[in-house]
Each structure stands twice: as structure tokens, then as C-alpha cells.
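Residues per chain, in single letters:
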Amino acid sequence: MDYILNLFLIVITAIFVNNIVLAQFLGICPFLGVSKKMDTASGMGMAVTAVLVVATLVTFIIQKYVLVAFGLEYLQTIVFILVIASLVQMIEIILKHSMPSLYQALGVFLPLITTNCCILGVTILVAQKEYDLLQGLIYSMATALGFWLAMVVFAGMREQLAMADTPKAMRGTPLALITAGLLAMAFMGFSGVDVGLRAMLGI
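To start, this report covers the structure provided alongside it. Computed from a predicted model, the values in this text were never measured in an experiment.

The rules behind the values
- Residues numbered from 1 in each chain as written.
- Predicted model: local features only at pLDDT ≥ 70, side-chain atom pairs only at ≥ 80, totals over all residues.
- Heavy atoms only, no water.
- Core = buried A, V, L, I, M, F, W, Y, C linked by side-chain atoms within 4.5 Å.
- Buried < 20%, exposed > 50% of the residue type's maximum accessible area, 1.4 Å probe, protein only.
- Helix = DSSP H or I, 4+ residues; strand = E, 2+ residues; numbered from the N terminus.
- Contact = heavy atoms within 4.5 Å.
- Patch = residues over 30% accessible without salt bridge, like charges linked within 9 Å, V, L, I, M, F, W, Y side chains within 5 Å.
- Areas by Shrake-Rupley, 256 points an atom, 1.4 Å probe, with all protein chains shown as cover.
- Salt bridge = Lys/Arg side-chain N within 4 Å of Asp/Glu carboxyl O.
- Phe/Tyr/Trp six-rings, centres within 6.5 Å; stacked < 30°, edge-to-face > 60°.
- Axes fitted to C-alpha atoms, helices over the stretch in contact; angles between N-to-C directions.
- Parallel < 35°, antiparallel > 145°, perpendicular 65-115°, else oblique.
- Left-handed = near helix turned anticlockwise from the far one by under 90°.
- Nonpolar A, V, L, I, M, F, W, Y, C, P; charged D, E, K, R; others polar.
- 1 Å grid on protein atoms, 1.4 Å probe; cavity = no way out; pocket = protein on both sides within 12 Å on 5 of 7 lines; lining within 4 Å.
- Points joined across faces, edges and corners; volume = space filled by probe spheres on them.

**Points about the nonpolar core**
Grouped together as the largest cluster of nonpolar side chains are 52 residues, with contacts concentrated most on Leu 22, Phe 31, Met 44, Ile 113, Ile 119, Tyr 139 and Phe 147. Sorting the residues of this core by element identifies helix 1 (2-17), helix 3 (38-67), helix 4 (76-98), helix 6 (109-113), helix 7 (117-128), helix 8 (133-162) and helix 9 (173-187) as the ones contributing at least two each. For this core, the leading source of residues is helix 3, giving 10 residues. The residues contacting Tyr 139, other than those within four sequence positions of it, are Ile 10, Ala 14, Gln 24, Val 122, Leu 125, Val 126, Lys 129 and Tyr 131.

**Some remarks on a nonpolar patch on the surface**
Where nonpolar side chains cluster on the molecular surface, the patch consists of Leu 57, Ile 61, Tyr 65, Val 66, Phe 70 and Leu 133 and spans about 560 Å² of accessible area. Examining the composition of the nonpolar patch, we find that 4 residues originate from one element, helix 3, more than from any other. Positionally, Val 66 belongs in helix 3.

**Here's the deal with the packing of aromatic side chains**
In total, this model carries 4 aromatic pairs according to the counting rule given. When the centroid spacing of 4.9 Å and the interplanar angle of 40° are considered together, the rings of Phe 16 and Phe 190 count as tilted. Of this pair, Phe 16 sits in helix 1 while Phe 190 is found in the loop between helix 9 and helix 10 (193-201), placing the two residues 174 residues apart along the sequence. Phe 16 gets classed as partly exposed once you look at its relative accessible area, which sits at 27%. When its relative accessible area of 31% is taken as the criterion, Phe 190 is described as partly exposed. Linked through ring pairs, Phe 16, Phe 187 and Phe 190 together constitute an aromatic cluster.

**Description of the packing of helix 1 against helix 10**
Helix 10 packs onto helix 1 with a crossing angle of 160° between their chain directions and a minimal axis gap of 9 Å. When the axes of helix 1 and helix 10 are compared, the pair comes out roughly antiparallel. When the axes of helix 1 and helix 10 are compared, the crossing they make is right-handed. In this structure, helix 1 contributes Leu 5, Asn 6, Phe 8, Leu 9, Ile 12, Thr 13 and Val 17 to the contact, and helix 10 contributes Val 193, Asp 194, Leu 197, Arg 198 and Leu 201. Taken together, the residues that form the contact of helix 1 with helix 10 break down as 8 nonpolar, 2 polar and 2 charged.

**A few points about the layout of surface pockets**
Size it by volume and the largest pocket reaches roughly 200 Å³. Surrounding the largest pocket, Lys 36, Arg 158, Glu 159, Leu 161, Ala 162, Thr 166, Arg 171, Gly 172, Leu 175 and Ala 176 form its lining. Elements that contribute at least two residues to the lining of the largest pocket include exactly helix 8 and helix 9. Here the lining of the largest pocket takes 4 residues from helix 8, the largest share from any one element. In terms of residue class, the lining of the largest pocket is built from 4 nonpolar, 2 polar and 4 charged.

Right, here's the structure in full:
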């Protein structure tokens, strides 16, 4: 029972308390660059979710059965970067031939993921937190959902602000940065929720 409750807390923490973009500041490039419209933000979120889960699975196996087993932990970062880049290319090729509709939907977002530090950051965090495979996969899915939530909310705010009568000097990047900061402050309201839930559930 405690194990299931811990999985629930991992989900809540990854989405709200330690949001990968707004609390840990990973994946800022796509967060600012691909969030001008709701559909592009949602597409990026979908692509990150697909790649992040697969990358976590593969890097977990490599970390446990290759790097740790042979004492090569110092190669973790470079190995994970190569694995993620290779996975993105493989997923792109597979989708292009087997699921062209999904490939068209994801479009340019798959190649962009190769340079998204959110993917590398999560795979390293899974290793550092010493999660088992199920916990790692749940954490990666919840983190991807948190990334998608932040992207969609931010894109919605930017779409509304684009129609507002704002000072000329504030339009574009300055207003986007201020909005991102306010959104991050809003998510700070979830701080301590995980601690409160642990105390309430007695774990």
C-alpha cells in the first residue's frame, strides 16, 4: 500500500511541486520558443511525453546493467546524450513508416527534442533518486505531463496577451519572460503539498 501511495506522491510532486520547467528550469528553450500558439505547445508536449518515457526505460537499463555493473558511472552523461539522440532518430524513422499520421502531427517537434535538456535531466534524476523501473517510468510520465501542462497554460496566456493593448517596449520576449516568472510564482503555491500529503497519509 505504501508503495502505491509513494507512486501517487511521485506523480503529484513531478507535475505540480517540482515542475520540470517552472521549478527546476529544465526545458526552458522549447518553453519560450514553442509556446506562442496552443497547438504547437500541445504538439511539443506530446512529443516530449513519447520520447521521455522511452528514453527513461532505455537509460535505466543501461545505467543498471552496463554503467553500474562495470563501474562506468562517470560516463553517464555522455552515454545518455548519445542514447537520447539515437532514440529520437529511431522513433522518427519508425513513426514515419508505420504511423505517418502521428508523424505528421508531431512534425518538427521530434527533432527539437534532441536538444531539449528536459529529457537528459529527467533520465539523470531517475538514476540519482535511485528509483526502480516502475517508479522511474511513472516519474518520467508525470514529469512529461507537468511539462505539457506548463507549456499549454503558458501558450494560452501568451495568446491572450498577444491580443491585449500592451506597451510597445513590452511586446514579445519581455512580456513572455514576465509572464513565465508570474506562472512560476503561481506554481510555488504548491510547495509543501507533498510534505503535507506524506504527513496525512503517514508515509
